[in-house]
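# Commentary on secondary and tertiary structure
Each chain, letter by letter, is given below.
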Amino acid sequence: MKFAAGLIVLVSIARAETGQEAWLRYRPLRGHFPSVVVKLGNAPEIDAAQREIWRAIFGFSGKLPGEIDTLASDSLVLGTTGEVKRALPGIVLPELRADGFLLRQIDREGRPSVLITSPNGRGVLYGAFAWIRNVMDGGVVPPVEASNPAAPIRWVNQWDNLDGAIERGYAGRSIFFENNNVVADLTRAGEYARLLASVGINGCTVNNVNANPRVLASEFLPRVARIAEAFRPWGVRLSLSADFASPKTIGGLDTFDPLDTRVIDWWQAKADEIYKLIPDFAGFVLKADSEGRVGPSTYGRTHAQAANLLAHALKPHGGILIYRGFVYDHHADWRNLKNDRARAAYDNFQPLDGQFAENSAIQVKPGPIDFQAREPVSPLIGALKNTNQTLELQITQEYTGQQRHLCYLALMWKQVLDFDLRVDNGRTPVKDLAAGRTFRRPLGGMVGVANAGSDANWLGHDLAMANLYAFGRLSWDPDLSAEAIAEEWTSQTFGSDKRIVSTVSGLLMDSWPTYEGYTGPLGLGTLTDILHGHYGPGIESAERNGWGQWIRADHEGIGMDRTVATGTGYIGQYPAEVARRYESVKESPDELVLFMHHLPYTHLLHSGKTIIQHVYDSHYAAAEEAQRFPIRWRALDGLIDPERFAAVMKRLEYQAGHAIVWRDAICSWFLRESGIPDAQGRAGHFPGRTEAEAMDLDGYAIKDVTPWEDASGGKAVACERAPKSCAASFAFQGAAGRYDIAVQYFDVNAGDARFKLSVGQQVLQAWTANDHLPTTALNGDSSTRQTVLGVKLQPNDVIRIEGSPDGGDSAAIDYVEVKESHD
Ligand code: GCV
């Protein structure tokens, strides 16, 4: 019997709690674990499965199981169904699809053993991870479980550029590329593939859909092949985003017309070349005729002709082509009330249904606009009856807080997956349509834009990893509930103590409604600044430009009229039953009513509130809820490791402050636009707040902030006399008592300004504004809050902030708020 040498080192290195282990955190558990691992056969994924089981059992028990290749008692048996049938003649196994697996308890010499089998090596690996998951969830002896994936395509896309930056990545640099090359050390790429495999993901597109053509150059492909090698043991197939003009840009042709035989030959030769280097290459992803990318329209050809060009080249090798359905005109005329970006995906692709090759699929975003905090389901999903599709979900939180805000997206995804589009008046939930089940398509599935990066914990926020995990689990089984996933993720990531599970999963479950609550209401989209960082509030950035995210607001009302009767006709793209519901204001659900209709601020919602009062109430309630997130997290002090406790606490405290920025921006803007006051008197009134521009200023100059709603009173003060510091001060006018003092300042990404808050001669807090928020301007992206709790104040105490500018950071201040302390 051999032993799994080397694992002790491996496991002990992994002990530092950086979040790197994610949910594969194998810590001591009570119970009996198999004493040997029996490996039947030699597929690389089965080898990986065996190593994983060793690693897990060593972590759980401190003991290394032995390794043998014949069946024995008290063992864990890994092998394909073919090998298992040879070793156990007469055994009856259920029908399993590719990648599906069976976990079964078998009796060997009177002692139970565990059998993990699948038709293919990758499925055995998935079975091994499922067994580990079962163990970590409590039961050492697995219940009999046969599990098949919902669909064959379960991929992630990474939007990594060859220079190492990641488009819409919020967790450091690329783990694949740097300096226009593939990184020398691909250990982390392998670790990423392991994480992906553990939740059933079988493909990864490693470069940005806004593709650099160089990725397909002959000199570059051998480098990319190294990434495929790192992925291979984990059954993750590499795919590449292609640039449609490649035959011209890197191929030396004078055309990229999809019908030109030289172009056809070029793609065929390119595919052949790739498969020589990467025999298990998964295929291409293509973004064409979208957001400035070239496409078939250059030659008057269709999307189907473009897709089929690449699909045919891949076909002899078993590869697939995924064509992005995210095609729209970003120079649309906003003056034309009939124009509507939401119509674009359907208008572009529905007429081509049936013309796409069988080894291709259209990758459709869940909503018709672009990953907003809430959108209706894209009508294109119900319109592809003779074309394969995959549902594109965004794990990276581009419009949902960029991993600085906690926003567990599984809840939103579940609403999409379970939504019944009523195609042909029958039950047709999105999960069945996307998987290809409804119309018996050969391909289908889900693709998640993950954008994991070089940050130790992969996504920047330890809790954001619940989204990556949930994506994988849902792509395997879309019937799982968001809550069950949150609980299993928590118990694996932080521990199965009931207090931990209920606190963390409770926070996760409350986070998306809270985020939506303080950002864009009633289906208006996130209302973030769409022209810049897609992060903080920027309401009117959506209006009067070609991007088409219009909300059509004026003093009377707000919302896009998308009805067939009087609007853009978008609603007519839905199957009849759904269209009927959305066409009627009365039947439209509150949460989407302003996506479908233009309505006065005084319109009464189903909730019984007017639109305007709903906006005020939901924003105050959600910002209040966000204040409670760090307090709820505090319950885990001492129950989880101090490193992740502190890292998450920091993000939740930041989020609590930024939720107030959002609340105030949205409420102030709606108040000004509608002229209708908040029935509860909150909007526009800020008790305890002193505007910086109203303080005694020493060196600070008053500045207008753009957009105005991103700063209290529309103004801030900035210190522009570096290297000298500036100061802003005021005399406290309240009664003696204990107060919390919040300083709202701007942390721009252009230097590390320093601040000092004092009362009289006493310095309460000093801090450096050194976060990396996505702007160099004073606005809602950079507005940040620093709070000091429980400060004793007397009437006329002087509260003073000293700001020391640095580089382009002018130590700008918005206001100070003093509130009675409940700490
Ligand atoms: C990769 C949005 C994002 C872009 C992204 C695009 C897409 O517009 O802001 O960064 O480009 O979607 O999905 O292609």
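Refer to the structure above for everything that follows.
Report on the accompanying structure. (Residues numbered from 1 in each chain as written. Predicted model: local features only at pLDDT ≥ 70, side-chain atom pairs only at ≥ 80, totals over all residues. Heavy atoms only, no water.)

### Points about the overall build of the protein
Counting its secondary structure elements, the protein contains 19 helices and 30 strands. Since a compact globule built from 823 residues should have a radius of gyration of about 28 Å, the 28 Å found for the protein is in line with a globular shape. Counting only C-alpha atoms and orienting by the principal axes, one finds that the protein spans roughly 90 × 65 × 55 Å. Burial analysis of the protein (823 residues in total) assigns 63% to the buried set. A fraction of 73% describes how many contacts in the protein between residues 6 or more apart in sequence connect residues 24 or more apart. About 29500 Å² of surface is accessible on the protein, with carbon and sulfur atoms providing 50% of the total. For the protein, the distance from the average site of its 82 positive side-chain charges to the average site of its 99 negative ones is 4 Å. (Helix = DSSP H or I, 4+ residues; strand = E, 2+ residues; numbered from the N terminus. Rg over C-alpha atoms; globule rule 2.2 N^0.38 Å. Buried < 20%, exposed > 50% of the residue type's maximum accessible area, 1.4 Å probe, protein only. Contact = heavy atoms within 4.5 Å. Areas by Shrake-Rupley, 256 points an atom, 1.4 Å probe, with all protein chains shown as cover. Lys, Arg positive; Asp, Glu negative; His and termini not counted. Charge placed at Lys NZ, Arg CZ, Asp CG, Glu CD.)

### Remarks on the sheet that holds strand S21 (residues 696-698)
A sheet is described by the order of its strands in space; here five strands give the open sequence S21-S24-S29-S26-S27, paired in antiparallel fashion. This sheet does not close on itself; its edge strands, each paired only once, are S21 and strand S27 (762-769). Going from strand to strand, the sheet's axes swing by 15° on average, the running direction of each strand aside. Relative to S27, strand S26 (residues 753-759) is paired through seven bridges, and the arrangement is antiparallel. Looking across to S27, one finds that Arg754 is bridged to Thr768. (Pairing = 2+ DSSP bridges. Axes fitted to C-alpha atoms, helices over the stretch in contact; angles between N-to-C directions.)

### Details of the site of the ligand
Near the ligand lie 14 residues; those nearest to it are Glu167, Lys287, Arg324, Lys365 and Glu398. Here an oxygen atom of the ligand sits 2.9 Å away from a polar atom, N or O, in the side chain of Arg168. One of the side-chain nitrogen or oxygen atoms of Lys287 is found 2.6 Å away from an oxygen atom of the ligand. Here the ligand has 340 Å² of accessible area as a free molecule, and 97% of this is covered by the chains. Looking at the shell around the ligand, its residues break down into three nonpolar, three polar and eight charged. (Near = heavy atom within 4 Å. Polar contact = N/O pair within 3.5 Å; in protein donor to acceptor, adjacent residues only side chain to side chain. Nonpolar A, V, L, I, M, F, W, Y, C, P; charged D, E, K, R; others polar.)

### Brief notes about the state of the cysteines
Counted according to the given criterion, the structure contains one disulfide. Here Cys719 is linked by a disulfide to Cys726, with a sulfur-sulfur distance of 2.0 Å. Between Cys719 and Cys726 the disulfide shows an S-S torsion of about 70°. By sign, it is right-handed. The pair Cys719 / Cys726 is uniform in exposure class, with both members buried. Left without a disulfide partner, Cys407 is nearest to the cysteine sulfur of Cys667, which lies 19 Å away. (Disulfide = S-S within 2.5 Å.)

### Brief notes about the packing of aromatic side chains
Under the counting rule described, the total for this entry stands at 35 aromatic pairs. Here the aromatic rings of Tyr192 and Trp458 are separated by 5.7 Å at their centres, their planes lie at 20°, and the arrangement is stacked. Taken together, the residues Tyr192 in helix H5 (residues 187-198) and Trp458 in the loop between strand S17 (444-449) and helix H13 (465-476) connect sequence positions 266 residues apart. A residue is classified by how much of its surface remains accessible, and Tyr192, at 0% relative accessible area, is buried. Ring centres of Trp633 and Phe645 lie 6.3 Å apart, and the angle between their planes is 15°; this geometry places the pair in the stacked category. In this pair, Trp633 is assigned in helix H18 (residues 611-633) and Phe645 in helix H19 (residues 642-674), connecting sequence segments 12 residues apart. For the pair formed by Trp633 and Phe645, the shared burial category is buried. (Phe/Tyr/Trp six-rings, centres within 6.5 Å; stacked < 30°, edge-to-face > 60°.)

### Things to note about the environment of Gly79
In this fold, Gly79 is placed in strand S4 (residues 75-80). For Gly79, a relative accessible area of 0% translates into the label buried. Measuring from C-alpha to C-alpha, the distance between Gly79 and Pro119 comes to 8.8 Å, with 40 residues separating the pair along the chain. Residues in contact with Gly79, not counting those within four places in the same chain, are Leu40, Ile46, Val84, Ile116, Thr117, Ser118 and Val124.

### Re the sheet that holds strand S15 (residues 360-364)
On the basis of which strands lie adjacent, the closed barrel formed by eight strands has the order S8-S11-S12-S13-S14-S15-S16-S17 and parallel pairing. Neighbour to neighbour, the strand axes of the sheet diverge by 25° on average, direction disregarded. Alignment of S15 against strand S16 (residues 389-394), held across three bridges, turns out to be parallel. Looking across to S16, one finds that Val364 is bridged to Leu391.

### With respect to the layout of surface pockets
Computed from the structure, the largest pocket encloses a volume of approximately 1600 Å³. Around the largest pocket sit 49 residues that line it, and Gln627, Glu653, Ala656, Gly657 and Thr787 are the ones nearest its centre. Where the lining of the largest pocket is concerned, the elements lending two or more residues are H18, H19, strand S25 (737-746), S27, strand S28 (783-793) and strand S30 (813-820). Looking at the lining of the largest pocket, the element that brings in the most residues is H19, giving 10 residues. Within the lining of the largest pocket, the residues separate by chemical class into 16 nonpolar, 14 polar and 19 charged. (1 Å grid on protein atoms, 1.4 Å probe; cavity = no way out; pocket = protein on both sides within 12 Å on 5 of 7 lines; lining within 4 Å. Points joined across faces, edges and corners; volume = space filled by probe spheres on them.)

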